[in-house]
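Fold and geometry: a report
Residues per chain, in single letters:
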Amino acid sequence: MKHTSGPWSIRLDKPSDKYRMALVVTTASSARAKAINCTCSGDSYAADCANARLIAAAPDLVAALERAIIELQAMSGWDKLTPTMIQARAALKRAKEGA
């Protein structure tokens, strides 16, 4: 299954004594926006915000990694089995297919 296309954005509400909120909002032209609740995903509001920022950046990170792999493979003399390439391919596979 393909992920919801980006761009994704974040909504961070300032913490109060009663609640804190960190949301990732996915946007796609063909679907209504969906929210991923990152509230209480970390040990603090700062961690919740960091988690939300990382998740929101995921579509851009996947696209950049795909382009980097293609460009590195095209370079003359590039050893496709280097630890960096193995790690990059594994990360991309994890993002697309799961652990």
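In this text the structure is predicted, and so the values were computed from the model without any measurement.

Calculation rules
Residues numbered from 1 in each chain as written. Predicted model: local features only at pLDDT ≥ 70, side-chain atom pairs only at ≥ 80, totals over all residues. Heavy atoms only, no water. Helix = DSSP H or I, 4+ residues; strand = E, 2+ residues; numbered from the N terminus. Buried < 20%, exposed > 50% of the residue type's maximum accessible area, 1.4 Å probe, protein only. Contact = heavy atoms within 4.5 Å. Areas by Shrake-Rupley, 256 points an atom, 1.4 Å probe, with all protein chains shown as cover. Axes fitted to C-alpha atoms, helices over the stretch in contact; angles between N-to-C directions. Left-handed = near helix turned anticlockwise from the far one by under 90°. Nonpolar A, V, L, I, M, F, W, Y, C, P; charged D, E, K, R; others polar. pLDDT = per-residue confidence, 0-100.

A count of helices and strands for the protein chain gives two helices and three strands. Listed by position from the N terminus, the elements making up the protein chain come as β-β-β-α-α. Taken over 99 residues, the protein chain has a buried fraction of 21%. If you take every contact in the protein chain between residues at least 6 apart in sequence, the share linking residues at least 24 apart comes to 36%. Counting every atom, the protein chain has about 7300 Å² of accessible surface; 58% of that belongs to carbon and sulfur.

The subject of this paragraph is the environment of Ala58. Here Ala58 is to be found in helix H1 (residues 45-74). Note: C-alpha distance between Ala58 and His3 (55 residues apart in sequence) is 9.8 Å.

Attention now moves to the packing of H1 against helix H2 (residues 83-97). Packing of H1 against H2 brings their axes to within 10 Å, and their N-to-C directions diverge by 145°. Our pair here, H1 against H2, has a crossing hand that is left-handed. Here Val62, Leu65, Glu66, Ile69, Leu72 and Gln73 of H1 lie close against H2, whose contacting residues are Met85, Ala88, Arg89, Ala91, Leu92, Ala95 and Lys96. Residues that form the contact of H1 with H2 fall into these classes: nine nonpolar, one polar and three charged.

Looking now at the confidence of the model for the protein chain. When pLDDT is averaged across the protein chain, the result is 78; 79% of the residues are at 70 or more. When mean pLDDT is compared element by element in the protein chain, H2 scores highest at 89, while strand E3 (residues 31-37) scores lowest at 68.

Moving on, we come to the environment of Leu65. Inspection of the secondary structure assignment puts Leu65 in helix H1. Put simply, Leu65 and Ala91 are 26 residues apart on the chain and 8.8 Å apart in space, counted from C-alpha to C-alpha. If we skip the residues at most four places from it in the chain, Leu65 touches Ala88, Ala91 and Leu92.

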